[in-house]
Amino acid sequence: EVVSWKEVREAVVSTQSTGKAKTIMEVGSFTGVSLLRMAQELPADGKAFALDTNQSYVDVGKPAIKKAGLLEKIDYRIAPALDSLVKLKEEGYTGKIDLCFIDADKGNYPNYYKLCLELIRPGGVIVFDNSLFGNRLLNDTTSEPNCRIHEANEKAMVDNRVTSLLLPMGDGCLVLRKNDE
């Protein structure tokens, strides 16, 4: 049975709730559907970083987020995600993010892995969406962006800084929990 995208989103939210996430980040916010759902679970003093390159996509979801009373909790960063992640490090967020959901350009998955792992606190969770990429990785791990997704998946298997799980939910979810230091 195929698990829907909605069920993947709810699994991420469940992870967030269980871990009492206060500071979250979405890399590749698009129209903000997942962002809205995750922001609903934030505590009163919680904060969400929404990273995307396209203001017009982000603007589509803002009215719903505003209507839900959550707009003030969201810090939108409209720039290439790698630049935004470096900026968050410069702003002192290293080791302070509780949950990161990544659904951005697949060719940068290895770079997002590296930077988000630096930003995540010990015990925090990183979720990569599309980690099976429509099952294309079963037959092709060498073409772009398949090789980059595969690289992130393989890195997670051998990285002793994380506990990882590749779930065949939706289009595949790679879930990393940063081990305590």
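Being a predicted model, the structure only gives us computed values, none of them experimental. (Residues numbered from 1 in each chain as written. Predicted model: local features only at pLDDT ≥ 70, side-chain atom pairs only at ≥ 80, totals over all residues. Heavy atoms only, no water.)

K.L.:
Even after reading the chapter, I still don't get the overall build of the chain, so can you show me in this structure?
P.N.:
Counting secondary structure elements, the chain contains 6 helices and 7 strands. Partitioning the intrachain contacts of the chain with sequence separation of at least 6 by distance along the chain shows that 67% fall at a separation of at least 24. Counting every atom, the chain has about 8900 Å² of accessible surface; 54% of that belongs to carbon and sulfur. (Helix = DSSP H or I, 4+ residues; strand = E, 2+ residues; numbered from the N terminus. Contact = heavy atoms within 4.5 Å. Areas by Shrake-Rupley, 256 points an atom, 1.4 Å probe, with all protein chains shown as cover.)

K.L.:
Before we go on, may I ask you to explain the pattern of salt bridges in this structure?
P.N.:
Here the idea is simple: oppositely charged side chains can pair when their charged atoms come close. Taken as a whole, this structure holds 13 salt bridges when the rule is applied. A salt bridge links Asp45 to Lys22, with the nearest nitrogen and oxygen atoms 2.8 Å apart. Separated by 23 residues along the polypeptide, Asp45 in the loop between α2 (33-39) and β2 (47-52) and Lys22 in the loop between α1 (5-18) and β1 (23-27) bring together distant segments of the chain. As a salt-bridge pair, Glu118 and Lys89 come within 2.4 Å of each other at their nearest N and O atoms. Here Lys89 lies in helix α4 (residues 81-90) and Glu118 lies in helix α5 (residues 109-119), a separation of 29 residues in the sequence. Given a relative accessible area of 28%, Lys89 falls into the partly exposed group. (Salt bridge = Lys/Arg side-chain N within 4 Å of Asp/Glu carboxyl O. Buried < 20%, exposed > 50% of the residue type's maximum accessible area, 1.4 Å probe, protein only.)

K.L.:
Explanation requested: the side chain of Glu26 in the structure shown.
P.N.:
With respect to the helices and strands, the residue Glu26 is situated in strand β1. The class of Glu26 is buried, set by a relative accessible area of 2%. Contacts of Glu26, omitting those with residues within four sequence positions, involve Ser34, Leu35, Met38, Phe49, Ala50, Leu51 and Phe101.

K.L.:
In this structure, what is going on with the packing of α5 against helix α6 (residues 146-158)? I would like to understand it.
P.N.:
At a minimum axis distance of 7 Å, the contact between α5 and α6 shows a crossing angle of 40°. Across the interface between the two elements, Tyr109, Pro110 and Tyr113 from α5 touch Arg148, Ile149, Glu151, Ala152, Lys155 and Ala156 from α6. Across the contact of α5 with α6, the residue classes tally to 6 nonpolar, no polar and 3 charged. (Axes fitted to C-alpha atoms, helices over the stretch in contact; angles between N-to-C directions. Nonpolar A, V, L, I, M, F, W, Y, C, P; charged D, E, K, R; others polar.)

K.L.:
Before we go on, may I ask you to explain the environment of Asp140 in this structure?
P.N.:
Turning to its location among the elements, Asp140 is positioned in the loop between β5 (120-129) and α6. Measuring from C-alpha to C-alpha, the distance between Asp140 and His150 comes to 9.3 Å, with 10 residues separating the pair along the chain.

K.L.:
Where do I start with the nonpolar core in this structure?
P.N.:
Looking at soluble globular proteins, one finds that nonpolar side chains tend to be buried together. Ranked by size, the top nonpolar core spans 29 residues in total, and within it Met25, Val27, Leu85, Ile102, Tyr112, Ile126 and Phe128 carry the most contacts. At 7 residues, the largest contribution of residues to this core is made by α5. In this structure, Ile126 is in contact with Cys100, Ile102, Cys116, Leu117, Ile120, Leu174, Val175 and Leu176, ignoring residues within four places of it in sequence. Core analysis: the next-biggest nonpolar cluster, separate from the first, contains 19 residues, Ala39, Ala50, Tyr76 and Leu99 among them. (Core = buried A, V, L, I, M, F, W, Y, C linked by side-chain atoms within 4.5 Å.)

K.L.:
What am I meant to see in the sheet that holds strand β7 (residues 173-178) here?
P.N.:
Remark on secondary structure: sheet strands pair via backbone hydrogen bonds, oriented parallel or antiparallel. Taking strand neighbours across the sheet as the criterion, the 7 strands line up as β3-β2-β1-β4-β5-β7-β6 in an open arrangement whose pairing is mixed. With one partner strand each, in any of the chains shown, β3 (74-78) and β6 (162-167) form the two edges of the open sheet. Strand-to-strand twist in this sheet, taken as the mean axis angle between neighbours without regard to direction, amounts to 15°. Here 5 bridges tie β5 to β7, and the two strands are oriented antiparallel to one another. Bridge pairing links Asp129 to Cys173 in β7. (Pairing = 2+ DSSP bridges.)

K.L.:
Can you help me understand unusual backbone geometry in this one?
P.N.:
As a rule of thumb, non-glycine residues mostly have phi less than zero, and peptide bonds are mostly trans rather than cis. For the peptide bond that leads from Glu144 to Pro145, omega is -5°, which places it in the cis range. You can see Pro145 is positioned in the loop between β5 and α6. At Asn130, a position not held by glycine, the phi torsion is positive, near 65°. Following the sequence through the fold, Asn130 ends up in the loop between β5 and α6. Take Asn130: its relative accessible area is 13%, and that puts it in the buried class.

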